[in-house]
Amino acid sequence: MKGIRIILISGLSGSGKTTAIKALEDIGFFCVDNLPILLMPKFIELCEQSGGKISNVAIVEDIRGAASYSGSKGERSFFEDSKKIIEGLRRNGYSIEIIFLETSDHVLVRRFSETRREHPLAVGRLIRDGIQHERELLQGIRDMANRIIDTTDLNVHQLKEIIQRYAREEKKRGQMTLTLLSFGYSFGIPFEADMMMDVRFLPNPYFVEDLKGLRGDNPRVVEYVLRTEEAQEFLKRAYEFILFLLPLFEREGKTHLTIAIGCTGGKHRSMVVVNRLAEMLQEDVSKREIFLTIRHRDAEKG
């Protein structure tokens, strides 16, 4: 593996790529925004010739790079070229880490409307149509990503923290990160999820007056949700299933695995299950040197 570290930031227009690149610049990365993809191999070669002065590089590559390619076929050629170049660099021993940022359609529409910016693919048509077209064009790069971050509910400070934590943790460990994410279906499916589990079959504290206003980390809510045999059986099977999957994903070189667990509002049942699964998995992931994190996306919304 080559000595230089390269983080490629891509994603949807308006999803926070500028914040991400500035976050990496703040911790010592040499950053380039919108470098033409065809110049990337030469740029990396020049960085290697710096005598170690440039060892951490971050590059933003997104739909703007397609401007030099004419027509809709040109846009697709641009992303096909991007994929080939990234794969070629990886085959040649370069560690190309891809962070892909995405955001829900309704938030992107609001951001473009509020800032009065024009979406690069929505000239002469609806913003939502441009966003959908961009999603389709970026799918190839998204599929190659080491980390997918949904910025729908993140402010700039939270996104900065996530980006910097990723950069520091990967440099220090180079191991898999397992994220257990609770969410509410009422607020949409999390884009960053690699897989999802639905726990809406469990007893719902929302319909119990004394429990409705409490969160899933309250002992009374935990006891109510997990009191049935079905709940205990689900935890046992989910735990065993995750343990079965971890070595398989590690074998494929996956560095981040996000398992999302959802209920209706994301405040009770999914939060209980995520917390309990994290407790059950802690010893096992420690032995495998897997970094375990939990995130409760919608716990404060209900």
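Residues numbered from 1 in each chain as written. Predicted model: local features only at pLDDT ≥ 70, side-chain atom pairs only at ≥ 80, totals over all residues. Heavy atoms only, no water.

A.B. asks: Tell me about the overall build of the protein, and name the residues and values.
C.D. replies: On a plain count of helices and strands, the protein comes out with 9 helices and 9 strands. Here the C-alpha radius of gyration of the protein, 21 Å, is about what a compact globule of 302 residues would show, namely 19 Å. Seen along its three principal axes, the alpha-carbon backbone of the protein occupies a region of about 60 × 50 × 30 Å. By residue count, 50% of the 302 residues in the protein fall in the buried class. The average position of the 45 basic charges and that of the 44 acidic charges among the side chains of the protein differ by 2 Å. (Helix = DSSP H or I, 4+ residues; strand = E, 2+ residues; numbered from the N terminus. Rg over C-alpha atoms; globule rule 2.2 N^0.38 Å. Buried < 20%, exposed > 50% of the residue type's maximum accessible area, 1.4 Å probe, protein only. Lys, Arg positive; Asp, Glu negative; His and termini not counted. Charge placed at Lys NZ, Arg CZ, Asp CG, Glu CD.)

A.B. asks: Tell me about the pairing of strand S4 (residues 95–102), residues and numbers included.
C.D. replies: Most of S4 is tucked away: 7 of the 8 residues are buried. The sheet contact formed by strand S1 (residues 5–11) and S4 spans 7 bridges and is parallel. Paired with Gly11 across the bridge in S4 is Leu101. Summarising the sheet, S4 and strand S5 (residues 147–150) pair through 4 bridges and their orientation is parallel. By the bridge assignment, Phe100 is partnered in S5 with Ile148. (Pairing = 2+ DSSP bridges.)

A.B. asks: Break down the sheet that holds S5 for me, with residues and values.
C.D. replies: As a general point, the strands of a sheet are linked pairwise by backbone hydrogen bonds and lie either parallel or antiparallel. With parallel pairing, 5 strands are arranged side by side in an open sheet as S2-S3-S1-S4-S5. Because the sheet does not close on itself, it has two edges, and the strands there are strand S2 (30–33) and S5. Adjacent strand axes in the sheet meet at a mean angle of 20 degrees, parallel and antiparallel pairs treated alike. Here S1 pairs with strand S3 (residues 56–60) via 5 bridges, running parallel. If you follow Ile7 over to S3, its bridge partner there is Ala58. Packing against the sheet, helix H2 (residues 40–48) makes contact with S1, S2, S3 and S4, and its axis sits at approximately 160 degrees to S3. Each of S1, S4 and S5 touches helix H5 (residues 127–143); the most contacted strand, S4, lies at about 150 degrees to it. (Axes fitted to C-alpha atoms, helices over the stretch in contact; angles between N-to-C directions. Contact = heavy atoms within 4.5 Å.)

A.B. asks: Can you lay out the sheet that holds strand S8 (residues 256–263) for me, pointing to particular residues and giving the numbers?
C.D. replies: Pairing in this open sheet of 4 strands is parallel, and the strands run S7-S8-S6-S9 from one edge to the other. Bordering the open sheet on either side are strand S7 (195–198) and strand S9 (291–296), each of which pairs with just one other strand. Averaged over neighbouring strand pairs, the angle between their axes works out to 20 degrees when direction is ignored. Looking at chain direction, S7 and S8 are connected through 4 bridges and run parallel. Paired with Met197 across the bridge in S8 is Ile261.

A.B. asks: Let's hear about the nonpolar core: which residues, and what values?
C.D. replies: Core analysis: the largest hydrophobic core is formed by 33 residues, its most contacted members being Leu178, Leu180, Ile242, Leu246, Ile259, Val273 and Leu277. The element that contributes the greatest number of residues to this core is helix H8 (residues 229–251), accounting for 8 residues. In contact with Ile259, other than residues within four places in its own chain, are Leu178, Thr179, Leu180, Leu181, Met195, Met197 and Ile242. Leu12, Ile44, Phe78 and Ile141 belong to the second largest nonpolar core, which has 32 residues in total. (Core = buried A, V, L, I, M, F, W, Y, C linked by side-chain atoms within 4.5 Å.)

A.B. asks: Kindly report on the side chain of Asp150, identifying the contributing residues and their values.
C.D. replies: Counting through the fold element by element, Asp150 comes out in strand S5. Buried and unpaired, Asp150 has no salt bridge, with Arg297 as the nearest side chain of opposite charge at 4.5 Å. A polar side-chain atom of Asp150 sits 2.6 Å from a polar atom in the side chain of Thr152. When neighbours within four sequence positions are excluded, Asp150 is seen to be in contact with Glu102, Thr103, Ser104, Pro190, Phe191, Glu192, Arg295 and Arg297. (Salt bridge = Lys/Arg side-chain N within 4 Å of Asp/Glu carboxyl O. Polar contact = N/O pair within 3.5 Å; in protein donor to acceptor, adjacent residues only side chain to side chain.)

A.B. asks: Account for the packing of aromatic side chains, with residues named and values stated.
C.D. replies: The tally for this structure, following the rule as stated, stands at 4 aromatic pairs. Their ring planes at 70 degrees and their centres at 5.4 Å tell us that Phe201 and Phe234 sit as a pair that is edge-to-face. With Phe201 in the loop between S7 and helix H7 (219–225) and Phe234 in helix H8, this residue pair connects regions lying 33 residues apart in the sequence. In this structure, Arg200 packs its charged tip against the face of Tyr185, placed 3.8 Å from the ring centre. For the cation-ring pair, Lys301 lies above Phe187, with the distance from its terminal atom to the ring centre recorded as 5.0 Å. (Phe/Tyr/Trp six-rings, centres within 6.5 Å; stacked < 30°, edge-to-face > 60°. Lys NZ or Arg CZ within 6 Å of the ring centre and 35° of its normal.)

A.B. asks: How would you summarise the environment of Gly93 if you had to cite specific residues and measurements?
C.D. replies: By the element assignment, Gly93 lies in the loop between helix H3 (71–91) and S4. C-alpha of Gly93 to C-alpha of Gly3: the two residues are 90 residues apart in sequence and 9.2 Å apart in space.

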